[in-house]
Structure formats: C-alpha cells, structure tokens
Amino acid sequence: MSIIHYRACTSRGLASLGAAFLVACGGGGAPERAATPAPAPDAPVQAAPAAPADTVVTEAHSSALLSLTPANPLTPAPPLGLPAAIGTTLTTLQLINKASFLQYNVPLTFGQVFAPGAFPATGGLAGVYAGAALPLQVNIKARHPDGSVRHAIITAVLPQMAAGQNGTLALTAAAAPAQSPQTGPGSLLASGFDATVKLTVDGQPYTASAAELLQNTAYQTWLSGPMVNEWQVSAPFKSAAGVNHPHLSARFAIRSYKSGNGVYGKTRVDVTVENNWAYEPAPKTFTYDAEVLINRKSIYNIAALKHYHHARWRKVFWPELEPAVHIKHDTAYLIASKAVPNYDQGLTISPTALTTMKTTWDAAKPGPMGMAMVDKYMPATGGRPDIGLNHAWGAMYLLSMDERAKEVTVGLSDLSGSWPMHYRDRVTGQPVSIVDYPFVRDIKISVDSFNRALNRWEDLPQCTPAIECKTPYTPETSHHPSFSYLPYLVTGDTYHLDELHFWANWNLINQNPGYRKHATGLVKSHQVRGQAWSLRSLTQAAYIAPDDHPLKAYFNKIVDNNLDWYNTTFVAGNTNQLGFIDNSGFAAVAYTGPGGPKTGMSPWQDDFFTSSIGQAHELGFTKSKTLLDWKARFPVGRLTAPGYCWVDGAVYALSVRATEASPYFTTFAQAWQATFRAADNTDLVNSTGQRYVDQPCASQLQANWRTQLEIDKRSGRTPWLAGEMTGYASSQEGFPANMQPAVAMAASTGIPNARAAWDVFAKRTIKPDYGQRPQFAIVPR
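Residues numbered from 1 in each chain as written. Predicted model: local features only at pLDDT ≥ 70, side-chain atom pairs only at ≥ 80, totals over all residues. Heavy atoms only, no water.

### So, the state of the cysteines
The tally for this structure, following the rule as stated, stands at two disulfides. Across the disulfide, Cys463 is cross-linked to Cys469 (sulfur-sulfur distance 1.3 Å). There is no split in this pair, since Cys463 and Cys469 are both buried. Residue Cys645 pairs covalently with Cys697 via a disulfide, S to S 2.2 Å. The sign of the S-S torsion, about 85°, decides the handedness of the disulfide formed by Cys645 and Cys697: right-handed. Placement of the pair is Cys645 in the loop between α12 (624-640) and β23 (654-655) and Cys697 in the loop between α13 (668-676) and α14 (700-713), with a sequence separation of 52 residues. (Disulfide = S-S within 2.5 Å. Buried < 20%, exposed > 50% of the residue type's maximum accessible area, 1.4 Å probe, protein only. Helix = DSSP H or I, 4+ residues; strand = E, 2+ residues; numbered from the N terminus.)

### Quick word on the nonpolar core
Membership of the largest hydrophobic core comes to 174 residues, with the highest contact counts inside it found for Leu199, Phe252 and Tyr288. Non-local contacts of Phe252, meaning those with residues more than four positions away in its chain, are made with Ala195, Val197, Ala208, Ser209, Ala210, Leu213, Trp231, Gln232, Val233, Asp270 and Val271. In terms of nonpolar packing, the next biggest core, distinct from the first, is built from 29 residues, Ile140, Ile154, Met161 and Leu171 among them. (Core = buried A, V, L, I, M, F, W, Y, C linked by side-chain atoms within 4.5 Å. Contact = heavy atoms within 4.5 Å.)

### Thoughts on unusual backbone geometry
For the peptide bond that leads from Thr464 to Pro465, omega is 0°, which places it in the cis range. Relative to the elements of secondary structure, Pro465 occurs in the loop between β20 (456-457) and α7 (485-491). Even without glycine at this site, Arg296 takes up a positive phi of about 70°. Residue position: Arg296 is located in the loop between β15 (286-294) and β16 (297-307). Even without being glycine, Asn753 reaches a positive phi, approximately 70°. Examined against the element boundaries, Asn753 turns out to sit in the loop between α15 (735-746) and α16 (754-762). In this structure Asn753 comes out as partly exposed when scored by relative accessible area, which is 47%.

### Quick notes on the packing of aromatic side chains
Summed over the entire model, instances satisfying the criterion amount to 32 aromatic pairs. Each ring, one from Phe483 and one from Trp503, has its centre 5.5 Å from the other, and the planes form 65°; the classification is edge-to-face. Of this pair, Phe483 sits in the loop between β20 and α7 while Trp503 sits in helix α8 (residues 494-509); the two residues are 20 residues apart in sequence, bridging distant segments of the chain. Judged by its relative accessible area of 4%, Trp503 is buried. The interplanar angle of 70° and the centroid separation of 5.0 Å between the aromatic rings of Phe580 and Tyr664 together place this pair among those described as edge-to-face. Remark: Tyr664 occurs in the loop between β23 and α13 and Phe580 occurs in the loop between α10 (550-571) and β21 (589-593); sequence separation between them is 84 residues. (Phe/Tyr/Trp six-rings, centres within 6.5 Å; stacked < 30°, edge-to-face > 60°.)

### Quick look at the layout of surface pockets
To find leftover empty space, a probe the size of one water molecule is rolled over the atoms. Considered as a void within the structure, the largest pocket measures approximately 1100 Å³ in volume. Elements that contribute at least two residues to the lining of the largest pocket include exactly β3 (103-113), β13 (244-258), β17 (311-317), β18 (325-328), α6 (403-415) and α7. Per element, the largest residue contribution to the lining of the largest pocket is seven residues, and it comes from α6. (1 Å grid on protein atoms, 1.4 Å probe; cavity = no way out; pocket = protein on both sides within 12 Å on 5 of 7 lines; lining within 4 Å. Points joined across faces, edges and corners; volume = space filled by probe spheres on them.)

### Some thoughts on the pattern of salt bridges
When their charged atoms lie close together, side chains carrying opposite charge are able to pair. Throughout the structure, instances matching the rule amount to 30 salt bridges. Across the salt bridge formed by Arg314 and Asp493, the nearest N and O atoms sit 2.9 Å from each other. Linking Arg314 in strand β17 with Asp493 in the loop between α7 and α8, this pair joins segments that are 179 residues apart in sequence. The same class applies to Arg314 as to Asp493, namely buried. Across the pair Arg781 and Glu618 runs a salt bridge, and its minimum N-O distance is 2.8 Å. With a gap of 163 residues between them, Arg781 in the segment after α16 and Glu618 in helix α11 (residues 603-618) connect regions that are remote in the sequence. Overall, Arg781 belongs to the partly exposed group, its relative accessible area being 30%. (Salt bridge = Lys/Arg side-chain N within 4 Å of Asp/Glu carboxyl O.)

### Things to note about the sheet that holds strand β8 (residues 166-175)
Reading across from one edge, β5-β4-β8-β2-β18 is the order of the five strands in this open sheet, with antiparallel pairing throughout. Each edge of the sheet is formed by a strand with only one pairing partner; in this case those strands are β5 (132-134) and β18. Between one strand axis and the next, the sheet turns through 35° on average, direction left out of account. Pairing of strand β4 (residues 123-129) with β8, which is carried by seven bridges, proceeds in the antiparallel orientation. Looking at the pairing, Tyr129 lines up with Leu169 of β8. (Pairing = 2+ DSSP bridges. Axes fitted to C-alpha atoms, helices over the stretch in contact; angles between N-to-C directions.)

Below, the structure is given as structure tokens:
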C-alpha cells in the first residue's frame, strides 16, 4: 500500500520533531488524516486550530472582487519599528506588464517581509493600485517576537493591465478583517482538472496524478482565502501494477485562483520530481523519459534525463495564459527591514553586467539536473560570484530589481535541487533530522555513526558500486552559496523554502556526528569560512521559516546552541585579545608564518564569519550581539590599532603568534610586525635595501616601495597608489572586498573605534567596481 507522509498545521507545536507534520499552511492547515474522498465542491474543510502566524487576512471584499472603489490619500510610512496607523503605507511595489497586449483578471502572488512592529498582530493589510482600493489576500507565515508580521504571502487580482503598463501597488495598514474559511479542491476537481507526471524507467512506466492524490489522500493547504488556494500533495511514482518506485517520488503544489465571479479561474501547477529518500537502500542515478500532462494534454517532455542521487528538479506550468507581470519590491524597504544586508543603494548596477548575466544564463539552457553559472566543483578555491551573504546575482537583483536578475536569482534556486545533498526522511517528510538521528552522517567513518543507545547505524546508505552515484556536482560547506533564502522571501514558493532547509541541514549531516556534538548541531569543526556560511544558512532558515513549520524550532535551537558555544568559548574569559576564531584545526591558525607552521591565520575567512554573525544580529538573534562585539574588534583593530598599517588590513595571512607553542599576540602591532618584518623574507626588502616596515603607512613612500618590489619581480604591475590596500584592492572578490561586510557590520556594534574603522576603510584609494558584482558591497546602517 502506498505510504505518504504529511504534516498537520495545528497549534500542537513541536512535541516531537520526529512526528509527521504537514508543510506549514496559510490560514491553518488541514489536519493529518487518513485517505478520504475529496470534499464537496468548495465545502469548508474541517481544520485544527491554526497557529496565530498563519491567520488569513483579507481586505473586505464583495462577490465581485474586481469592483474597485476610490481610495483615501496615502499616508506616509511611519518610522520602522512602530505600528502603522490605518491608511499608512508600509511599502510599495512596482507592477510592470511585460506583455505587448492588454491583460485581464491578472493574478499576482508574492512574498513580502515586514519590519518589526510595522504590521501589528491585531492589524490587517489593504492594497491601493492606480488610485483605487485593491482587495488583497494575505497569508501570514511568520511573526516577529512582538507578534507583528515578519513574512506574508500576498495575492491580488488586477482587473486589467494595458500593454507595457507600469503601476504602483501600495500596501497600507488596515483593520484586521474576519478570517475566511478554508475550502477544499472539490470544485477544481469537479471541473476535470488533473496534472500527471509520467516516467519511463528502464522501459517501465510510472505515474503520479495530482487529481488522484487530492481526491484520495490528505493534502496540506499552503494558501487559503477568497482569491487563491494552494493545495500540496506528494507520493511515490506507481507502476502500472500499483507498485511504488523505491526512490522516485512526485510533489505537486496546485494553486487555484478565483475569478471575479467567485468561480475558479487560472491555475498554476508546480511539479517537483525527487530522488531524495534518506534511508532507502541502494541509492543511485536513474535515467528516464519524463512527460507532464495537464488536463490530459501533454505540455512538457524530456528524454533520457539523468536524475542524480539525492537530487530533485522543478517545473512550473500555467495551463491557461501565464500572467506576464514583473513585480519589483521596494529595495529600500527590504534593506531597512533588516531581512537582507545593507547593500550600498548608491550603486548603479551596470546595464552591461545585467545583459551579460542574462546572455550567460540563456546560453546555459538551464533545465532539470542542470546548474548554470555556478562552479560545479564547490571546493574550488579563489574568488567567485556565488560566495557571500547573498551571491552576486542576488545582490544585483536586490539593488536593481531588474527582471533579468530576478529570473537568474530565482532560477538558481530552482537548479540548486540538482546537487546531491537532499536527504528527505520518509517518516517526517522533512530533511533528515539530527535530533531523530543524532549519529547521521552522509558518509560512514569508522563507528562514529553507530547509535549505541538504539543499536543502529545512522549513516546514510551509499551507492554500491560507487559509479551508480556519479554526478558532476560536488557540494561543500566552505563554499556553498545562499541559493534560496532571497527567492523564498520574494515569492513565497515552498520549493525555495524546502531548498533553504535542505542546504542548511546538509551542513550539519556532512560533519562527523561527534564533532557537531550529535543533536546539538555545532558547526565548529568546519573551516572558519565553512562555519561562516553554515551559520548564514542556519540563521536565514530559522528567521524565515513559517512559525508553525516543524523545522522552525529545530533550526532556532541549533542556532541557539551554536551561539551559546561561541559565546562560552570565545567571549567568556578568552585570552585571544585580537578577536579571531581559532577553534578549527583545518584553517584557523594553520598558515606558516615567520615563526613556522601554524603561526598564521586567514583574516578573510574570519571576516566571512564576522559578517555572518553581523547578519544574525540584524535578523534578531539576540545572543549574537555579544559575539559580534567580540568579533568586531578584529576587523576594527586591523584598520585603527596603533602600530598596524591599515593598508594591510586585508592581508592574505596574518601571523598571530611567534611559534606554534606561543600564546597569541596581545596587540595588533605585534601581529603586523611579525607578519612583515622578518629579516629572512626577501619579499619584505626591495632591491634598494629598504624594508617595508620602515615606510610610513599609507604614504607615497610605501606605495613606491611596493612599486619597486614589483619591478624587482618583473611582474609589470602598474604603480601602486598611496592608500591602496593589499590583497587585490580593485577586485570585487579581493580580500578588501571580503573584509567590507565585516567592517560594515562592526560599525553598528558601538564598540570603540568601529565607526572610525569604517571611515578609514571607506577612504582607501582603490575600490572595486561593485556595479558588476555587488555581493560584498555592504555598508554600515
């Protein structure tokens, strides 16, 4: 018999992280239940009490949803953090008709983040478009600690849009309306709707039908209200004999909009095919032909697709005409909400860079199991555009709101499913939990993955032979990008939410269980840069996860555990007065300095860590403030401390102790002198006999010394300028660029000299052209 696992959207909380739950749903979800027939058309669905975070809020509407009435003049937005009076504009969006023709009854659904306190727990939201009231459906997903709305998924239906029309949609504060009852998919099914995926694997057909699942199994409700409902189902593919495929499964998200007369209108079909089960024996790559049919019409085919192990792919279809509208969020508001870092809004993203990006994307022909623009071998070293709190293309999108940049940013999240690190637990339907499996590991090392208490191995099954799992993609913690946080933020699509969870969780299960302290989930055993990006992904996942999602508490607890460990290890009584991370034996104090092996460390990796902790602080993780204050002294000291020349603030490797057995230096002057004064290092003395440390800091004499050294080496470099930082100062991914977010985050701490450090950094002579790649173009708030 087919076994399908679900999560219930109830207020029972997380008594057991191993329990079965439905994906978090707007307006309260259908409770977990046995397979039942589909409800009568549009009959209210009996549901368990909804968590407060998932209240459905709509503007009062009549049966004629498209009947518009004049609106009151817009009230300016209040200061962020304060509740808004009714009628106050919280934020605006630009809606652009991309079509060359008039569009009618245009449905729009998007994600929107709100600043703490702006959208109060007792409030509502109304829309104003083209000077008239526009009804909204607001499905609240996450709230701030004060109960105000953090993230919501908003739906509107535009009566019409002229060709090329560009209009402003204002989201204004309103009174909280009554909650709308949930309805099931009965009417949609009665209209004859179906979406089917057919696979031919080794000559044998397998199918999965959305209509069959909606009618005969429990579904979960993601969106609910008078304008749109979204129901989600999943199941293994079945053979003609009704036998489940052991590895391949389908997931459907069926979004059904109502037209002006209240009947069902446009439908969006979101299809995901997975090869993801965590503990299914004999994982492998499967090659198959795939076909998607909607309402018995074939709309997509792909032949001989190699579906890699523990990977998945996604396609979105509109059986009717797809709405052709580009939604531009308010960049300033997104940044001010602190949901995204404070990218320099004074930048102009290069039109040439945008064009090149789109050309590169199109040339890659991104599709199932593809990965455009990102290095397929993640452990590769060197600067690249996918590294940062957000990757370069996402930062370009944030700063430009360009349609092409959005396509690439969202598309990269779609393709992130291609990487072989998706491990879904059949029991919970979620990424495999280190709480349920404290000894889980994606490979087996000795007996470290054996759970003695439960007398079982918890390492994930491996391919036998290994060639069965050959894949072009090699993920790695120390270089993994943030693919899906921003796409989920602005779209509200659960595929991106799941991807965010898969990647955040993989950074836990790819460690030795003992190193992470089993269910505690510490990331301290990774390289320092790996710790940085793991914490970035974990805090993003915890911050934006819906409040009634079973992984909300899971990721929050893991973040809390890590902050406790870092604060205890580094802040409380630590003799490391410089403020750098030294816990990892893999890349912390691992470089050879004048004193020999393991006397140097990499400031740029540490700067990644500082920026990640800075983002955690901005996202509201209060325990991060103590750690950030301690960490901030490291970038601040390299720019302002007496005896340390700030042009070397972003040096590749910095000596931090005299010998491997020595204590750390207590001043930045000692670290700088040890790094640059060694008499036996010929690179520190040029052909004229002058020593580098004797040149006045940031002076033309110092610049001339560097120029002479380049001449001595016959490198042909152009002359150095006074105040030019070392470490590839003009590169968007050079070491000064890596340092910039750390200095910007440090400037907000209030520790001594933090703002002065930014002032010094901002006055450097050579700066990158961030209009090409702005992922590190973060400035102080």
